[in-house]
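Residues per chain are reported as follows:
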Amino acid sequence: MNTYTQGVVQSSPEKEEKSDQEKEMAVPLISSPPFLVFFSFFTLCLLADPVLGITRHYKFDIKLHNVTRLCRTRSIVSVNRQFPGPRIVAREGDQLLIKVVNHVPNNISIHWHGIRQLRSGWADGPAYVTQCPIQTGQSYVYNFTIVGQRGTLFWHAHISWLRATLYGPIIILPKRGVPYPFAKPYKEVPIIFGEWFNTDPEAVISQALQTGGGPNVSDAYTINGLPGPLYNCSAKDIFKLKVKPGKTYLLRLINAALNDELFFSIANHTLTVVDVDAIYVKPFETETLLIAPGQTTNVILKTKPRYPNATFFMTARPYVTGQGTFDNSTVAGVLEYESPPNSLHSSISIKMLPLFKPNLPALNDTSFATNFVNKLRSLASAQYPANVPQKVDKHFFFTVGLGTSPCQHNQTCQGPNGTKFAASVNNVSFAMPTTALLQAHFFGQSNGVYVPDFPSSPITPFNYTGTPPNNTMVSNGTKVVVLPFNTSVELVMQDTSILGAESHPLHLHGFNFFVVGQGFGNFDPNKDPAKFNLIDPIERNTVGVPSGGWVAIRFLADNPGVWFMHCHLEVHTSWGLRMAWIVLDGELPNQKLLPPPADLPKC
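What counts and what doesn't
- Residues numbered from 1 in each chain as written.
- Predicted model: local features only at pLDDT ≥ 70, side-chain atom pairs only at ≥ 80, totals over all residues.
- Heavy atoms only, no water.
- Buried < 20%, exposed > 50% of the residue type's maximum accessible area, 1.4 Å probe, protein only.
- Helix = DSSP H or I, 4+ residues; strand = E, 2+ residues; numbered from the N terminus.
- Pairing = 2+ DSSP bridges.
- Axes fitted to C-alpha atoms, helices over the stretch in contact; angles between N-to-C directions.
- Arc of directions from axis to C-beta.
- Contact = heavy atoms within 4.5 Å.
- Disulfide = S-S within 2.5 Å.

Description of the pairing of strand β14 (residues 240–243)
Within a regular strand, the side chains alternate between the two sheet faces.
Next, step 1: Covered by surrounding structure in β14 are L241 and V243 only, the residues K240 and K242 on the alternate face being uncovered.
Next, step 2: Direction of pairing for β14 relative to strand β22 (residues 331–337): parallel, over a ladder of four bridges. Across the sheet, L241 pairs through a bridge with L335, a residue of β22.

In structure tokens form, the structure reads like this:
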């Protein structure tokens, strides 16, 4: 009988031996306060056919607990009183049963970001899209199987701004006996970036939506929950990565920040990118990388062959393209080399060693950002092919950007010219329903919940990246696109200069997609497709629409259900930069959405 424990799997009667990889992932590699040790690992449960994978159980108790950062203590919503939350570790092919119990006053919903959720859309997690949220005192078991994926993803709350503190890593190891397509690392370390607010983020977004203005920005960035020594009162709240000379480390980087793309670098060290969004890539070296909210990047760090007699900062700060205010600060962790025992070095205080700092790009360095993303290519090998749709059944052209909506009740709002800030896709600002879209779709009860007439292109074309139109008002509605099963889709997403051009990291639930092209200015349907990469384009689940430019993606709609697509800058999602796709069932039994579980939360 399997039993739930605090993020730990127990099983009986027999336990599977842990592999070397799993043992490495279980070892705390950092020097940090006890509350950071979110390495609640597990023993594996019921031994099953290793090809099919096993079933792993986790329990997430959503509770309030006090956390102090920047000399401020506040009560945060967390999982199992851990911040960041517990690590989910599984193998490709495993089934996960994660019981989420809500002990807090807020409604809760958890998204397993980047997990395909093949036919298991009920477990995807965005509130009012695939499920009603879990109410106080209620619970829900997320039940899904990891199919054809391996790498780093993450989980986070998917309702309002609760993901500010509700997040944690998902580590997907390859099937047993299947090696990485690169040299086996000595150790593996998740590094998750976040944003810390001294005040409750729920109050921050609530005030912004009420006044119509931009929300207050965060007070710090964090690495594994810690802001580091460049912030006031944080000299001891620092993530330390302790390494040995002459070893290779796999760093699993995750950007869980609410509203900021980040540059990241480790002083005097080169990183080799090997994986993004749980997809292997053609390896390339870089000293600095760019990672947007919702994205993950696995990098190989080769440590210096001998003890360097120095320590090294690893820092992250924002890449900024918009006009609004932002958190212009830098989070720092420290890379420390373990000195050989009984050597001169071991008696020298670490504080006496020189500390090297990396040079990060300028805050608005779009050329660096562009060059970095252009280096990303799928591995496209025989074992890991890039199955890019070569023919396209349906073309879509979506504008994404900001706009305004009128102020209610003759009051003056703090947005442009007394209006409220809004955001939209094809000028439709998505109105969140009060019934979950998937439920309405599955039971044929869409009336009054959504309409299937989302525009496939802008209703009123304009010079998207030129002089903005005089009318910046958006329309509102709960509109979706309906796709027959197995439709191959090409979607061009075009940034607009309305209220200023800005980069938008767009996340598509339920699918990976191939980024076949991108550029600056307005997309030219006559010239630009000729330059598309249909051989080895990067495959991922979150892509940055370039500031003042466009990106083209392709995907095969082979996963029945309702799938959210939205900007992963939380403020833009709150303003309405979101929409949904409905993929209909196919004809075969394995092409149909599974029925809802009995414990599906009710609205």
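Focus on the sheet that holds strand β35 (residues 561–567)
Next, step 1: Taken together, the five strands give an open sheet; going across it, the order is β28-β36-β35-β30-β33, and neighbouring strands pair in mixed fashion. Each edge of the open sheet is held by one strand with a lone partner, namely β28 (480–483) and β33 (542–545). Strand-to-strand twist in this sheet, taken as the mean axis angle between neighbours without regard to direction, amounts to 20°.

Some remarks on the pairing of strand β17 (residues 271–276)
Next, step 1: Counting buried residues in β17 gives six out of six residues, a clear majority hidden from the surface.
Next, step 2: Bridging between β17 and strand β18 (residues 279–286) involves five bridges; their strand directions are antiparallel. Across the sheet, residue L271 finds its bridge partner in β18, namely T286.
Next, step 3: Two successive antiparallel strands, β17 and β18, enclose a turn made up of two residues, where D277 displays a positive phi of approximately 50°.

Some thoughts on helix α4 (residues 366–374)
Next, step 1: When α4 is considered as a whole, its buried residues turn out to be A369, T370 and F372. The buried residues of α4 occupy an angular sector of 165° when projected down its axis, which confines them to one face.
Next, step 2: Those residues of α4 that are buried are in contact with β17, β18, β19 (288–291), β21 (311–319) and β31 (513–520).

What to know about the environment of P385
Next, step 1: If you trace the backbone, P385 turns up in the loop between α4 and β24 (394–405).
Next, step 2: Judged by relative accessible area, P385 falls into the partly exposed class, the value being 43%.
Next, step 3: Taking the C-alpha atoms as reference, P385 lies 24 Å from L271; in sequence the two are 114 residues apart.

A word on the state of the cysteines
Next, step 1: Inspection of every chain in the model, using the stated rule, returns three disulfides.
Next, step 2: C132 shares a disulfide with C603; S-S distance 1.8 Å. Across the S-S bond linking C132 and C603, the dihedral sits near -95°, which makes this disulfide left-handed. Highlighted residues: C132 in the loop between β8 (110–113) and β9 (139–145) and C603 in the segment after β36 (578–583), separated in sequence by 471 residues.
Next, step 3: Judged by its relative accessible area of 1%, C132 is buried.
Next, step 4: Going through the chain in sequence order and numbering each bonded cysteine, the pairs you get are 1-3, 2-6, 4-5.

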